[in-house]
Amino acid sequence: MQDAHPAPSRGLRRPRVEDDSPNRGVGLRRAAILVLAGVLAGPCAACDVAGSGSEAADPVPTLVELLDGTYEGILAEPVTLIRGTWEGDPFVDGGAARPSVGLVQHFLLEGDFDGDGTPEAAVLLWESAGGSGTRSYLAVMKRVGGEVRNLGTALVGDRTQVMSGSIADGRVVLELVEAGPGEAACCPSQKTSTSWALTAAGLERVATEIVGTLSLADLGGPEWRLVELGRAQPVPDDVEITIVFEGDRVAGHGGCNDYFGTVGSKAPGELHFTATGTTMRACPEPAMGLEQEYLAALATASSYRFHGGRLVLGGATDGGPAVLVFARAAERP
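Conventions we followed
Residues numbered from 1 in each chain as written. Predicted model: local features only at pLDDT ≥ 70, side-chain atom pairs only at ≥ 80, totals over all residues. Heavy atoms only, no water. Helix = DSSP H or I, 4+ residues; strand = E, 2+ residues; numbered from the N terminus. Buried < 20%, exposed > 50% of the residue type's maximum accessible area, 1.4 Å probe, protein only. Areas by Shrake-Rupley, 256 points an atom, 1.4 Å probe, with all protein chains shown as cover. Phe/Tyr/Trp six-rings, centres within 6.5 Å; stacked < 30°, edge-to-face > 60°. Contact = heavy atoms within 4.5 Å. Disulfide = S-S within 2.5 Å. Core = buried A, V, L, I, M, F, W, Y, C linked by side-chain atoms within 4.5 Å. Pairing = 2+ DSSP bridges. Axes fitted to C-alpha atoms, helices over the stretch in contact; angles between N-to-C directions. Salt bridge = Lys/Arg side-chain N within 4 Å of Asp/Glu carboxyl O.

## Here's the deal with the overall build of the protein
Along the protein, the regular secondary structure elements total two helices and 20 strands. Split into buried and exposed, the 333 residues of the protein put 47% on the buried side. By element, 52% of the accessible surface of the protein is carried by carbon and sulfur atoms, the whole surface being about 15,700 Å².

Right, here's the structure in full:
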């Protein structure tokens, strides 16, 4: 990254929204999850059950309950998570490889999937056997009395990327990036819109439509807010780092200064940044140090992918691999 004085193109600048809510932050809280309640097909969680008068609907399972939930249909036996993860015994005595399962904690859809007038939760989970493949699963969880039950679980795919999720007509709809014909599982580029519904047989994939090929255009539209600078290294609440893609241009806020430049791509899932400059303000720590670390990682970014509705940029710095995880700026409390 090189410093420069020209101001970024105004066509790319987005106003930053300050959020002083005490509920904002990282942790096992409902504010951290991706709730797409605006597209619910059925009654909302706060509404009365149809025909029940003043009787309130059962609440959706909480994130804490989902983190300790029991999920069927992933392994041969049901898996009970402990604070969001589960690990089995090694496949070979003394070996490192073992089965593991985890909840994608920031992704949650709420809606009435079984048609009884009360809302359920649809969540994503991952499963790995220690190799290169990581399979994604979709599960529907419901509160029945004081118990949280798994109504159904279905395979989404191996190394399948989830761009976004919504609810339509009681179905879960996921916008995916999957391996197309002749593509390796490691490097998918085929975009699909895929639906799942609860049936008598459980949670089933009921429709898949091919909608295009992954490209830089899929990064455009929203303002993205950095939530992790490195693996599992959350950005402090009081430091806002953003990025906006618009065609071959990119701009954002680095935590202290505004930055701007160009972006290009030679293949789906690949990118590179060039001609990047910044304004030249000085800020107190930690904003100044985080900005320098972020801009250094951004300059080396060479790949992009989606994980549970979030954007992940990957690259390498002198200190090793660099991972930048962004959430849509609208994903706020």
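## Here we look at the packing of aromatic side chains
One pass over the full model with this rule turns up four aromatic pairs. A ring pair is formed by Phe 245 and Phe 273, whose centres lie 6.3 Å apart and whose planes are at 40 degrees; its orientation type is tilted. Taken as a pair, Phe 245 in strand S14 (residues 242–246) and Phe 273 in strand S17 (residues 272–278) lie far apart in primary sequence, 28 residues in all. Given a relative accessible area of 10%, Phe 273 falls into the buried group. Summarising the aromatic geometry, the rings of Tyr 294 and Phe 326 are spaced 6.3 Å apart at their centres and angled 70 degrees between planes, so their arrangement reads as edge-to-face. Of this pair, Tyr 294 sits in helix H2 (residues 287–300) while Phe 326 sits in strand S20 (residues 320–328), and the two are 32 residues apart along the sequence.

## With respect to the side chain of Asp 218
Summarising the element assignment, Asp 218 is placed in the loop between strand S12 (202–213) and strand S13 (224–229). Dropping the residues within four chain positions of it, Asp 218 is found in contact with Met 163, Lys 191, Thr 213 and Phe 306.

## Digging into the state of the cysteines
As used here, a disulfide is simply a covalent bond connecting the sulfur atoms of two cysteines. This structure, assessed with the given rule, holds one disulfide. The disulfide that involves Cys 256 links it to Cys 283, with 2.0 Å between the sulfurs. Around the S-S axis, the bridge from Cys 256 to Cys 283 shows a dihedral of about 80 degrees and counts as right-handed. With Cys 256 in the loop between strand S15 (249–253) and strand S16 (258–264) and Cys 283 in the loop between S17 and H2, this residue pair connects regions lying 27 residues apart in the sequence.

## A few points about the nonpolar core
Core analysis: the largest hydrophobic core is formed by 32 residues, its most contacted members being Ile 243, Phe 273, Tyr 294 and Leu 313. Here this core gets six residues from one element, more than from any other, and that element is H2. Membership of the second largest hydrophobic core comes to 18 residues, among which are Leu 138, Val 156, Ile 167 and Leu 203.

## Side note on the sheet that holds S15
Taken in spatial order, the eight strands make up an open sheet running S17-S16-S15-S14-S13-S20-S19-S18, and their pairing is antiparallel. Strands with a single pairing partner mark the edges of an open sheet, and in this sheet they are S17 and strand S18 (303–307). Each strand axis lies, on average, 30 degrees off the axis of its neighbour in the sheet, ignoring direction. Bridge count for S16 against S17 is five bridges, and the pairing is antiparallel. In the strand pairing of S17, Gly 264 is matched with His 272. On top of the sheet, H2 reaches S13, S14, S16, S17, strand S19 (310–317) and S20; it is set at about 85 degrees to S19, its chief contact.

## Topic: the pattern of salt bridges
In the structure shown here, the tally under the stated rule is ten salt bridges. For Lys 142, the salt bridge identified is with Asp 116, shortest N-O distance 2.7 Å. Of this pair, Lys 142 sits in strand S7 (residues 134–144) while Asp 116 is found in the loop between strand S5 (100–111) and strand S6 (120–128), placing the two residues 26 residues apart along the sequence. On the basis of relative accessibility, which here comes to 37%, the residue Asp 116 falls in the partly exposed class. The partner of Arg 149 in a salt bridge is Glu 147, and the shortest N-O contact between them spans 3.5 Å. The class for Arg 149 is partly exposed, based on a relative accessible area of 40%.

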